[in-house]
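# An overview of the molecular structure
So the chains spell out like this:
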Amino acid sequence: MSARKSRRTAVSALLAISALALTSCTGAGTSASGSGSSEISVLMANNPQMIDLQKLTEEHFTATTGIKVNFTVLPENDLRDRVNQEFSSQAGQYDVATISNYEAPIFGDNGWLAPLDNYAEGDEEFNLGDVFPAFVNSLRGADESLYAMPFYGESSFTMYRADVFEKLGLTMPENPTWDEIAELAAQVEAGDPAMTGICLRGLPGWSQIFAPLTTAVNTFGGTWVDENWRPQINSPEFVEATEFYVNLLREHGQSGAAQSGFTECLNLMSQGDVAMWYDFTSAAGALEADGSPVQGKLGYAAAPTKDTKVSGGLYAWSWGVEAASKNKDAAWDFISWASSTEYEELVGEEFGWSKVPAGKRASTYDNADYLAVAGPFADATLFAIENADPVNPGLQARPAIGIQFLAFPEFADLATRVSQEVSSAIAGQITVQEALGRGQKLAEEVLEPYQK
């Protein structure tokens, strides 16, 4: 039994004794001080990594700690709505919820999340120093408190068909520029007319097209908002990046690009129809999985750049504890287990190392068992995450944290509305200038209160 398990067993025993002693006056399972019980409620997304967690919890966490976990599992969009309602009202129905590094600083600054600094820094076995600093920094609020802990994380990089490049005599630079990517897309199509040069997201949505496109805006020197909260959507840099992205899609991208998101590009790349794909690092696991038609045929390079040394995004599904929770100690026990190296090893043993919720800890990339599966893309993933800077991702200062987003409440809706205009430009219905001009007007209305 590990030291962590021994400590939790002892804590659970003390909780049980306390509960029995207090039953007559406070009710079983609740302490007189209101500090908590051995039962917590967790609200989380229904993605594969979290479904695996749900399957493993009773046997490997509850059986060891005595802490029962009641899960509510929802599709991502439904989850975000429920989390917003729950945490803003501080109803206390849930102790823990999965949130991203977009919500964490916003919720923390509003007082909706319990700070985790003392828990994380005081738990030597959890080893906070092993968690990538980029994610730790992206989960802090304006007061520098740590408001969430990553379950798994990702950045972005360039995926390409190494076998096709070899056949055509092409070379992918280790750190390509956007101009080089465009040239390679044209050369692929010239050498193999049946192959699409590149797949990029064009589907409307702040977390669809603007996930990769905003990283391009950053490296072209643009930003959504300057440090004084003045919108910059129709600035020369933002326009140049968007025109480049739209033209690349229209000239060398997939058909139906205006309705293509992550899933559509993943399918096209998996089927062998596309030579390159710029997107988030989590895609590589599916492309290299057993049974994938392109397994072993791919190469991985850094995110394309323009005027910055590096580029790429940063996203983490993370655990936040509601400020109103009366079970914060038990909530931390669950979080520290779910985000631990111990849990990663458990997933590797039970489900295979390709299913490990990776991307958050440096030690994962020294694990021989994980590297035996993730070897083709591990180094590129590690480079992308270690070089991501959520505080200064571009060439100019900005008033909120984030790379492919800015962590202020109105951003998601604003970027979604602007994305609809850009998708129309991809479809040829309007120009990029028209699309971003409309976006600028939307942003001016949204951001006026911030400027005051």
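Numbers given for residues are sequential positions, taken from 1 along each chain in its written order. Given that the model is predicted, a residue must reach a pLDDT of at least 70 before its local features are reported, and side-chain atom pairs must reach 80 or more before they are shown or counted; all residues, however, enter totals for whole chains, interfaces and linings. Excluding hydrogens and water, the side-chain values take into account all heavy atoms of the structure.

### A short note on the confidence of the model for the protein
Predictor confidence is given residue by residue as pLDDT, running from a minimum of 0 to a maximum of 100. Per-residue confidence for the protein averages 91 on the pLDDT scale, and 92% of its residues sit at or above 70. The contact definition used throughout considers only heavy atoms, calling two residues in contact when any of these lie within 4.5 Å. For the stretch residues 1–36, pLDDT sits under 50, and the model shows 41 contacts to residues farther than four places along the chain or on other chains.

### Digging into helix α13 (residues 328–338)
Burial status follows relative accessibility: with a 1.4 Å probe on protein chains alone, a residue under 20% of its type maximum counts as buried, one over 50% as exposed, and anything between as partly exposed. In DSSP terms, a helix is any run of H or I states spanning at least four residues, a strand is any run of E spanning at least two, and both are numbered starting from the N terminus. The element α13 is largely enclosed, with a buried count of 9 among its 11 residues. For α13, the set of buried residues is A330, A331, W332, D333, F334, I335, S336, W337 and A338.

### As for the nonpolar core
The term nonpolar core refers to a set of buried residues drawn from Ala, Val, Leu, Ile, Met, Phe, Trp, Tyr and Cys, joined through side-chain atoms within 4.5 Å. Among the nonpolar cores identified, the biggest contains 147 residues, and W224, W319 and F334 are the most heavily contacted of them. With 8 residues, the single largest contributor to this core is helix α16 (residues 411–426). Discounting chain neighbours no more than four positions away, the residues touching W224 are F210, T214, R230, P231, Q232, I233, F238, L406, F411, A415 and V418.

### A short note on the sheet that holds strand β2 (residues 68–74)
As summarised here, the arrangement of the 5 strands in space is β2-β1-β3-β8-β4, forming an open sheet in which the pairing is mixed. Looking at strand neighbours, the two that pair on one side only are β2 and β4 (149–154), the edges of this open sheet. With strand direction ignored, the average angle separating the axes of adjacent strands in the sheet is 20 degrees. Of the strand pairs in this sheet, β4 and strand β8 (residues 315–321) are connected by 5 bridges, and their pairing is antiparallel. Along β8, the bridge assignment pairs E154 with Y315. Working convention: axes come from line fits to C-alpha atoms, limited for helices to the stretch in contact. Angles between N-to-C directions cover 0 to 180 degrees. Contacts from α13 reach β1 (39–45), β2, β3 (96–100), β4 and β8, with the element oriented near 155 degrees to β8. Should DSSP find at least two bridges between two strands, the strands are regarded as paired.

### Some remarks on the state of the cysteines
Here a disulfide denotes a covalent bond joining the sulfur atom of one cysteine to the sulfur atom of another. The disulfide criterion used throughout: a pair of cysteine sulfur atoms within 2.5 Å. Taken as a whole, this structure holds 1 disulfide when the rule is applied. Disulfide pairing is shown between C199 and C265; the S-S distance is 2.2 Å. Given an S-S torsion of about -85 degrees, the disulfide between C199 and C265 has left-handed geometry. With a gap of 66 residues between them, C199 in the loop between α8 (178–191) and α9 (210–219) and C265 in helix α11 (residues 262–270) connect regions that are remote in the sequence. Pair check on accessibility: C199 and C265 agree, each one buried.

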